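# A closer look at the structure
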Amino acid sequence: MPNAHCPLNKNMLTEYSEYLIHRQWMTHALEFAQAAGNAGEVPVGAVVIDSFGNLIAGGENRKERDKDPTAHAEIIAIRSAAKILQSWRLNECTLYVTLEPCPMCAGAIVQARLGLLVYGVDDPKTGSIRTVANIPDSAASNHRLRVIAGVQESNSRQQLQGWFANRRSSKI
């Protein structure tokens, strides 16, 4: 009798272990986001993981510090990963980012041919993966992107809301 449930249990264990791995990498992205917030930037962080499960690149928002409108966490992490791997094709990599990517970053993710995108919290203003727009599934996309949303969602949301609340209270 106990063996009748083994396939389900193996499946559940596999899914749970994958979830724990996603949580672990999102924790690293949250650390990058915290560094951005501490530096006065909107706290968004990103990491790129290779097919062997190694952290190969990370990024945090740097728009204000670099005076660069493209200095989003995702762009910085993707550029760094491409340099390290000596290829713009990141199809064997996973990008973890704390906030749903904007149109610019969604376009870069598609262009980099990332294998998987994992993000924390939806962005109701500029989210371009599923919330406001869906760039990866649009007719303009030449790459089908796998997406997992909601990993460390609460922590990602709290980090952003706390940063904006502090910013508003310091302006009063």
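Residues numbered from 1 in each chain as written. Predicted model: local features only at pLDDT ≥ 70, side-chain atom pairs only at ≥ 80, totals over all residues. Heavy atoms only, no water.

### Description of the overall build of the protein chain
- When you go through the protein chain residue by residue, the secondary structure sums to 5 helices and 5 strands.
- In the protein chain, the succession of helices and strands from N to C terminus is α-β-β-α-α-β-α-β-β-α.
- In terms of overall size, the protein chain behaves like a compact globule, its C-alpha atoms giving a radius of gyration of 17 Å where 172 residues would be expected to give roughly 16 Å.
- Put simply, the protein chain has 172 residues, and 40% of those count as buried.
- At a minimum sequence separation of 6, the contacts of the protein chain that also span at least 24 residues come to 55%. (Helix = DSSP H or I, 4+ residues; strand = E, 2+ residues; numbered from the N terminus. Rg over C-alpha atoms; globule rule 2.2 N^0.38 Å. Buried < 20%, exposed > 50% of the residue type's maximum accessible area, 1.4 Å probe, protein only. Contact = heavy atoms within 4.5 Å.)

### A short note on the sheet that holds strand β5 (residues 146-149)
- The strand order across the open sheet formed by 5 strands is β2-β1-β3-β4-β5, and the pairing between neighbours is mixed. The sheet terminates laterally at β2 (55-60) and β5, the two strands that pair on one side only. Neighbour-to-neighbour, the strand axes of the sheet open up by a mean angle of 15 degrees, direction not taken into account.
- Examined bridge by bridge, strand β4 (residues 116-121) and β5 share 4 bridges and lie parallel to one another. Bridge pairing links Y119 to A149 in β5.
- This element, helix α3 (residues 73-85), spans β1 (45-49), β2 and β3 (94-99) of the sheet and lies at about 150 degrees to β2.
- Where helix α5 (residues 153-171) meets the sheet, it contacts β3 and β4, and its direction lies at approximately 55 degrees from that of β4. (Pairing = 2+ DSSP bridges. Axes fitted to C-alpha atoms, helices over the stretch in contact; angles between N-to-C directions.)

### So, the packing of aromatic side chains
- All told, the structure shown has 2 aromatic pairs when counted by the stated rule.
- Relative to F164, the ring of W163 lies with its centre 4.9 Å away and its plane at 85 degrees, an arrangement referred to as edge-to-face. (Phe/Tyr/Trp six-rings, centres within 6.5 Å; stacked < 30°, edge-to-face > 60°.)

### With respect to the pattern of salt bridges
- By the definition in use, this model includes 5 salt bridges.
- Of the charged contacts in the structure, one is a salt bridge between R65 and E41, with a shortest N-O distance of 3.2 Å. Of this pair, R65 sits in helix α2 (residues 63-66) while E41 sits in the loop between α1 (6-38) and β1, placing them 24 residues apart in sequence.
- Residue classification places E41 among the buried residues on the basis of a relative accessible area of 2%.
- Put simply, E41, E60 and R65 are held in one network by salt bridges that share partners. (Salt bridge = Lys/Arg side-chain N within 4 Å of Asp/Glu carboxyl O.)

### Notes on the nonpolar core
- In this structure, V48, I78, L90, L95, I109, L114 and L117 are the most contacted members of the largest nonpolar core, which totals 28 residues.
- Of all the secondary structure elements, the ones that give two or more residues to this core are β1, β2, α3, β3, α4 (103-111) and β4.
- Sorting elements by how many residues they give to this core places α3 first, with 5 residues.
- Filtering out sequence-adjacent residues up to four positions away, I109 remains in contact with I78, L95, P101, L114, L117 and L145. (Core = buried A, V, L, I, M, F, W, Y, C linked by side-chain atoms within 4.5 Å.)

### Structural notes on the environment of R113
- Tracing the chain through its elements places R113 in the loop between α4 and β4.
- For R113, a relative accessible area of 21% puts it in the partly exposed group.
- In sequence terms R113 and D66 are 47 residues apart; their C-alpha atoms lie 26 Å from each other.
- In this structure R113 touches W88, L90, N91, N142 and H143, once residues within four positions along its chain are discounted.

### Focus on α4
- Buried within α4 are the following residues: C105, A106, A108, I109 and V110.
- Buried residues along α4 sit in contact with α3, β3 and β4.
- Immediately beyond the C-terminal end of α4, within one or two residues, lies R113, with a positive phi of roughly 60 degrees.

### Description of a nonpolar patch on the surface
- A surface patch of nonpolar side chains, about 310 Å² in accessible area, is lined by Y16, Y19 and L20.
- By the element assignment, Y16 lies in helix α1. (Patch = residues over 30% accessible without salt bridge, like charges linked within 9 Å, V, L, I, M, F, W, Y side chains within 5 Å. Areas by Shrake-Rupley, 256 points an atom, 1.4 Å probe, with all protein chains shown as cover.)

It is worth stressing that arrangement in space is one thing and function is another; only the former is reported here.
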